[in-house]
Amino acid sequence: MKNYIKTLFVLTSIIFSACEDVIDVDVDTAETRLVIEASLDWEKGTTGNNQTIKLSLSSPYFNTQDITVVTGANVVVTNMNTGDIFNFTDENDGSYTTNSFEPIIGNTYSLQVSYNGETYEATETLMAVPEIKEINQSIEGGFDDELLEVNVYFDDPVDEENYYLLNFYETGDLFSFFADVSDEFVNGNEVYYFFEKEDDEDNNQAPFQAGDTVDIELYGISESYYNYMRLLIEQYYSGGNPFSSTAALIKGNCINPTNPDNYAFGYFRVTEVDVATYTFE
Amino acid sequence: MKQLCLVIFLFTSLLCLSQEKFSISGTITDTTNGETLLGATVYLKNTNFGASTNEYGFFSLTAPKGSYTLIISYVGYNTYSQEITLNGDQKLDFELQESATSLDEVIIVAEESETVSIKKPQMSVSKLNAQTIKEMPAVLGEVDVIKSIQMLPGVTNNGEGSAGFHVRGGAADQNLVLLDEAIIYNTSHLFGFFSVFNADAIKNIKLYKGDIPAKFGGRVSSVLDVRQKDGNSKKFALNGGVGLISSRLTAESPFFKDKGSFLIAGRTSYVHLFMPLIEDVKDDKISFYDLNLKTNFEINKNNKLYLSGYFGRDAFDLSGLITNNYGNATGNLRWNHVINDKLFSNLSFIYSKYDYNIVLDFIELDWDADITNYNLKYDLGYYVNNNLTLDFGVSGLIYNVNPGEVKPSTETSSINPLKLDEKRAFEGAVYASAEHQITDKLALNYGLRYSTFSRLGGQSITNYVNNQPVVYNSDLGIYERGEAESETSYSKNESIKTFGYFEPRFGVSYQLNDASSVKSSYTKSTQYLHLLSNTASVTPLDVWTPSGQYIKPQISNQYAVGYYRNFNDNAYTLELESYYKHVDNRIDYIDGSDLIGNNNIETEILNGEARAYGMELLLRKNKGDFTGWLAYTLSKSEQRALGGNAGGPGINNGDWYKTAYDRTHDISLTGSYKLNDKWRFSSNFVFQTGRPVTYPNGQYNYEGLSVATYANRNENRLPTYHRLDLSATLTPNRNPDKRWKGEWVFSIYNAYNRRNAASVGFSQNNQTGLNEATRISIFGAIPSVSYNFKF
């Protein structure tokens, strides 16, 4: 929700800004780190047995090469409540898989990654998510009342603080669009979120039109992962804007207990997710 | 308190030294419009006896019995002299006639009163009068007080089109901005593109960058003292202007049989009328307006009442999706009372309010916030003798802060109502200060202010486990919100927390010769109110918060030395100053702090400190067809916050880092050249080191996105900023007897169309998937024309 308030300033600065251009900037290059993309997402209506964890290395900001994947690591997930151990198999392409994961809502899981003589650890609790109640389209809503947007509705449970991650992906796009949502102002109510694409030729972005297909994922996430994604999203979409918070390193939950300075980037999340697809009419 | 008693004792003991002396007192005004003249000098020829007028045009001069020639001078005005015999206390009011050049509106000789007095101990002060400000080229022809003071040494902005200003490496919220003594909480229109001061209603401005007189308090960086005109007390007058962005109209007139006068000034923008014509913004509306009011009424020779007010508003409407409006409202009722020839008093009752409202239509949310204060203060000036002037007084201020209230904007809205705790506080102060000429060459300025601040009850305060609102998570290496343990509820008549500080102020000047002097000063000041902002630029939506249980008052100590010199009989002046400033308890925000709608701000901040030091040079040319100045500042401004009670190394690993308003080099050149009676040309040139920013130092792939990684805060800088503005003023030849006088102002802002970076954003290209840096520049070359008139 708060992103919307900040959007006000971004929009205002756009009204006044005479021009935007891409320039060359010299940036520093930090040392390479391990990147852990461990997203154990239990899709509603599935067993959740099949899971993949990806490992790679960080790179210079203006890197033009493909990312460097990490092979040869040892990846294990443990259910701290039951003691069950899930070993992930190295697929030699940077991904590590299992087909025996057992997701249990509210249980806490730990991740252990051994790579290059170092051990990285993280723990996370599997959060539930409500169902996507309705998806529809409209023109009048959203930021621009001439462009199509897709609206997603779900019911927020009243008894606790809830945090959500939404992912919109239009078939054919290079990237997903992410949004962080908390129930801070809307606890216990029906929550609604819209996604609209602006007409931006410079950035090769066209508004939605009839026939376009959007995949929508609604994740139930922990408060700490919400904090991580909130910052990531703010920095990703408005990095450098003078009205956004000072950019800072976003630290995930993958620590290195024996060598704390050598922590890993990325996150170990365990979520429940509801998935839907919408085709514009 | 003991120190204060000591100072008062010191004063009173000095009073006994005078004998067989008489005083002359009165006010000095302009013959044509009756405006009081501030800082006019009154002296007795061939003696050392002299005085200057205060903010209300009042002076008091004491000399031994005898006959003298009294001389009154004020630059831009004809010098007045009169023979007087001093054999008793006398009251004399004087009117000065503007010098001959005033037939056209151009003042060729820059105001001498804008230069720092060689003799007086006051330093680190910059004065500008409305005329100087109006002569500078401005963005879209909009004369702007805040932008003009940024041409002075030691004053910078925070990027083009951003609100606020920064003095000597201080933050924007550390400036006390007063409009006729009322606090202005937000100085900007249109999110910082223009300032709230309508130059037509302003008499003059004074900016104290250091050596702040004891009568001011409550902010640690500077005081910007803006005074409105009193209103023409001689005849009805109209003046105004038509510009590209806004139009202005000011009316002033005597009333109540010349016992009083008033001024009413209005300004309104009309950008919104043109916006429907532009495709991209056709559904948006942006507008602002403001109203200035000033009236005064003379009850009798010794009693005068003033009422002044300001009301300004900004409104935005972005396609009906987001509507936002904000503004300041102030009022001040003052009673000037001349108690006797030597004792002048002023009682003020002041009201200020700043509020904002946002409606986010698409999520049906309505948000309100405001800050209100009431201030009662009593200031006295005692002109003891020729060598000693005392200022003393008391002040009481009540704050009401409503940091935010969220309401559903429609019946169908899914937003739950929420009201953040209202905060109340009382700030009291008592002060005394002296300007003391010790010998012919040595003068002192010393004073003491005692301020106290009580955070009042009527709300609950959260208690945290281990008394830690913020906790360092050593596993993840990040700061996190502390765990709330309980709440303590305070009733309305209870005080949650009380602070009290002595704030000594000291200045000394030593005159080396007729044309040069050295000065030094020390100022301690305290700030109890903090503006919460974790963004690089201040926004109108930032919330003020009072000190209390978890937020300590900011305390600054500033030391300054300076060298001042006049050349060629004041044709040129040189001011050279150097300063060091340290601020304790400057709050800093943890990485990822979330301030919007947060009732527990203490969970997002650490207690930090700030320091700034630098050297300023100001070379002015005051006389001739060409006038202007060169200002150069070499400075550094840093801050840090250690972990303290929260544990851990602190923000940015506890290292000092550059503030967003650190500028190593800052050069401002401004000049005005009068070609003939018809044409005048002005220009500004600005060159400064780029704003510190944080650039990425790497990336990693996560969820298909390239996520940037960052090292320490503000280690990089935007490209160097430079810009040239030009303007030409045409005053058509007119019959000087005609009442209507007009002028055309043609200007080009950013004449060579430099694409100065307002910011550099980093993002991933949608087509290539590669990262790129995008420069956003706000103003290209902007030509403009405006017409000003006087009737």
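Each chain has its residues counted from 1, following the order in which its sequence is written. Note on labels: chains are lettered from A, ligands numbered from 1, in written order. Note on the predicted model: pLDDT of at least 70 is required for a residue's local features to be given, and 80 or more for side-chain atom pairs to be given and counted; whole-chain, interface and lining totals, by contrast, use all residues.

As recorded in an unreviewed UniProt entry, chain B goes by Collagen-binding protein and comes from Neotamlana nanhaiensis. UniProt positions are given in the numbering used here, feature names are shortened, and annotations may be inferred rather than shown by experiment. Recorded in UniProt under Sequence similarities (unreviewed entry), the annotation for chain B is "Belongs to the TonB-dependent receptor family."

Per an unreviewed UniProt entry, chain A carries the name DUF4249 domain-containing protein and comes from Neotamlana nanhaiensis.

S.K.: Is there a simple way to think about the overall build of chain B in this case?
M.R.: A count of helical and extended segments in chain B gives four helices and 53 strands. Burial is judged by counting the other C-beta atoms within 10 Å of a residue's own C-beta: 20 or more makes it buried, 12 or fewer makes it exposed, and any count in between marks it as partly exposed, with every C-beta position built from the backbone. Within chain B, the proportion of its 791 residues that are buried is 52%. Excluding contacts between residues fewer than 6 apart, the proportion of contacts in chain B whose partners are at least 24 apart in sequence is 65%. For helices the rule is a DSSP run of H or I covering at least 4 residues; for strands it is a run of E covering at least 2, with both sets numbered from the N terminus onward. A pair of residues counts as a contact when their C-beta atoms, built from backbone coordinates, are separated by no more than 7 Å.

S.K.: Teacher, can you tell me more about the overall build of chain A here?
M.R.: A tally of helices and strands in chain A yields two helices and 15 strands. The globule rule used here is 2.2 Å times the number of residues to the 0.38 power, and the radius of gyration it is set against is calculated over C-alpha atoms. Taken against the 2.2 N^0.38 rule, which gives 19 Å for 281 residues, the C-alpha radius of gyration of chain A at 20 Å falls within 12% of a compact globule. When its C-alpha atoms are laid out on the principal axes, chain A stretches across 55 × 45 × 35 Å. Looking at the 281 residues of chain A, the share that counts as buried comes to 40%. When contacts within chain A are restricted to residue pairs at least 6 apart in sequence, those whose partners lie at least 24 apart make up 63%.

S.K.: Looking at this structure, how should I read the domain arrangement of chain B?
M.R.: One frequent convention defines the size of an interface as the accessible area lost when the parts assemble. Residue and element names in this part refer to chain B. According to the domain assignment, chain B contains domain 1 (2–103) and domain 2 (112–790). Between the C-alpha centres of domain 1 and domain 2 the distance comes to 33 Å. With 32 residues of domain 1 at the contact, the number on the domain 2 side is 31 residues. Mapped onto the side of domain 1 that touches domain 2, the elements with two or more residues apiece are α1 (2–15), β1 (21–30) and β4 (58–64). Within the side of domain 1 that touches domain 2, the residues separate by chemical class into 14 nonpolar, 13 polar and five charged. Domain extents, as shown, originate in an automatic or database domain assignment. Charged means Asp, Glu, Lys or Arg here, nonpolar means Ala, Val, Leu, Ile, Met, Phe, Trp, Tyr, Cys or Pro, and polar covers whatever is left, Gly included.

S.K.: I keep staring at the environment of Val150 of chain A and nothing clicks. Help me out?
M.R.: Residue and element names in this part refer to chain A. Relative to the elements of secondary structure, Val150 occurs in strand β10 (residues 149–155). A count of 24 C-beta atoms within 10 Å places Val150 in the buried class. The sequence separation of Val150 and Tyr278 amounts to 128 residues, and the corresponding C-alpha distance is 8.2 Å. In contact with Val150, not counting residues within four places along its chain, are Ile135, Gln137, Phe194, Phe195, Val214 and Tyr278.

S.K.: Any chance you could explain the confidence of the model for chain B here in plain terms?
M.R.: Predicted coordinates in areas of low pLDDT are best not read in detail. Residues and elements named next belong to chain B. The score called pLDDT rates the predictor's confidence residue by residue, from a low of 0 to a high of 100. Per-chain confidence: chain B averages 87 in pLDDT, with 95% of residues scoring 70 or above. Contacts for the low-pLDDT stretch residues 4–18, under 50 throughout, to residues beyond four places or in other chains number 13 contacts. Across residues 101–112 the pLDDT falls below 50, and counting only partners more than four positions away or on other chains, this stretch makes 28 contacts in the model. Among the prediction metrics, the complex's ipTM stands at 0.92, with pTM recorded as 0.88.

S.K.: Looking at this model, I keep getting lost on the sheet that holds strand β52 (residues 771–777) of chain B. Mind explaining?
M.R.: To summarise the sheet geometry, strands pair through backbone hydrogen bonds and adopt either a parallel or an antiparallel arrangement. Two strands qualify as a pair provided that DSSP identifies no fewer than 2 bridges between them. If you walk across this open sheet you meet the three strands as β1(A)-β52(B)-β51(B), and the pairing is antiparallel. Two strands close off the open sheet at either side, each with one partner strand: β1 (19–23) of chain A together with β51 (759–764) of chain B. Adjacent strand axes in the sheet meet at a mean angle of 35°, parallel and antiparallel pairs treated alike. The pairing of β1 of chain A with β52 of chain B spans five bridges and is classified as antiparallel. Lines are fitted to the C-alpha atoms to define the axes, a helix being fitted only along its stretch in contact, and any angle between axes, read from their N-to-C directions, falls within 0 to 180 degrees.

S.K.: Sorry, what's going on with the pairing of β52 of chain B here?
M.R.: Within a regular beta strand, the side chains point alternately toward one face of the sheet and then the other, so they alternate between its two faces. All names here are of chain B. Of the strand pairs in this sheet, β51 and β52 are connected by six bridges, and their pairing is antiparallel. Bridging from a neighbouring strand, Ser759 pairs with Ile776 of β52. Hairpin connection of β51 to β52: six residues between the antiparallel strands, including Gly769 at a positive phi of 80°.

S.K.: Explanation requested: the domain arrangement of chain A in the structure shown.
M.R.: Residues and elements named next belong to chain A. For chain A, the assigned domains read domain 1 (2–12 + 130–245 + 273–279) and domain 2 (34–127 + 247–272). Between domain 1 and domain 2, the contact holds 15 residues from the first and 15 residues from the second. Breaking the side of domain 1 that touches domain 2 down by element, the ones donating at least two residues are β14 (213–221), α2 (223–238) and β15 (265–279). Broken down by element, the residue count for the side of domain 1 that touches domain 2 peaks at six residues, all from α2.

S.K.: In this structure, what is going on with the environment of Ile233 of chain A? I would like to understand it.
M.R.: Residues and elements named next belong to chain A. Examined against the element boundaries, Ile233 turns out to sit in helix α2. Using a count of 17 C-beta atoms within 10 Å as the deciding quantity, one classes Ile233 as partly exposed. Setting aside chain neighbours within four positions, we find Ile233 in contact with Phe178, Ala179 and Asp180.

S.K.: Looking at this structure, how should I read the sheet that holds strand β13 (residues 190–196) of chain A?
M.R.: Residue and element names in this part refer to chain A. Spatially, three strands are ordered β9-β10-β13 in an open sheet, and the strand pairing comes out antiparallel. Either end of the sheet is taken by a strand with one partner, and the two such strands are β9 (134–138) and β13. This sheet shows a mean twist of 25° between the axes of neighbouring strands, independent of strand direction.

S.K.: Looking at this structure, I do not really get the interface of chain B and chain A. What am I missing?
M.R.: Taken together, the contacts link 74 residues of chain B with 76 residues of chain A. Tallied by class, residues from the side of chain B that touches chain A come to 35 nonpolar, 31 polar and eight charged.

S.K.: Could you clarify how one ought to interpret the nonpolar core in this entry?
M.R.: Generally speaking, soluble globular proteins have nonpolar side chains that are buried together. In this description, a nonpolar core means buried residues of the types Ala, Val, Leu, Ile, Met, Phe, Trp, Tyr and Cys, linked to one another by C-beta atoms lying within 7 Å. Grouped together as the largest cluster of nonpolar side chains are 180 residues, with contacts concentrated most on Ile36, Tyr164 and Cys254 of chain A together with Val145 and Leu178 of chain B. Considering every element that reaches this core, the biggest residue donor is α2 of chain A, with seven residues. Other than its neighbours up to four places away in sequence, Val145 of chain B contacts Ile133, Ser195, Phe197, Ala199, Ile202, Ile205 and Val226 of chain B.

S.K.: Got a minute to help me understand unusual backbone geometry in this structure?
M.R.: The phi angle of most residues is negative, glycine excepted, and most peptide bonds adopt the trans form. Residue and element names in this part refer to chain B. With a phi close to 45°, Asn568 is a non-glycine residue in the positive phi region. Inspection of the secondary structure puts Asn568 in the loop between β38 (554–567) and β39 (572–589). Note on Asn568: 11 C-beta atoms within 10 Å, which makes it exposed. Unusually for a residue other than glycine, Asn714 sits at a positive phi of about 55°. For Asn714, the position within the fold is in the loop between β47 (705–710) and β48 (716–717).

S.K.: Could you clarify how one ought to interpret the pairing of strand β37 (residues 543–546) of chain B in this entry?
M.R.: Residue and element names in this part refer to chain B. Burial of β37 is two-sided: the residues Val543 and Thr545 facing one way and the residues Trp544 and Pro546 facing the other way are all buried. In this sheet, β37 lies alongside strand β36 (residues 529–532) in antiparallel orientation, the contact comprising four bridges. The residue of β37 that forms the bridge with Leu529 is Pro546.

S.K.: Any chance you could explain α2 of chain A here in plain terms?
M.R.: Each full turn of the α-helix corresponds to 3.6 residues, which orients residues three or four apart in the same direction. Along its 16 residues, α2 of chain A runs 22 Å from first to last C-alpha, staying within 8% of the 22 Å computed at 1.5 Å per residue. Among the residues making up α2 of chain A, those that are buried are Tyr225, Tyr226, Asn227, Tyr228, Met229, Arg230, Leu231, Leu232, Glu234, Gln235, Tyr236 and Ser238 of chain A. In this scheme, a helix's expected span is set at 1.5 Å multiplied by one less than its residue total.

S.K.: So what exactly am I meant to see when it comes to the environment of Leu166 of chain A here?
M.R.: Residues and elements named next belong to chain A. Checked against the element boundaries, Leu166 lands in strand β11 (residues 163–170). Leu166 gets classed as buried once you count the C-beta atoms within 10 Å, which come to 20. Between the C-alpha atom of Leu166 and that of Glu149, which follows or precedes it by 17 residues, the distance is 15 Å. Not counting the four nearest positions on each side in its chain, Leu166 is found in contact with Val152, Phe178, Ala179, Val181, Tyr193 and Leu218.

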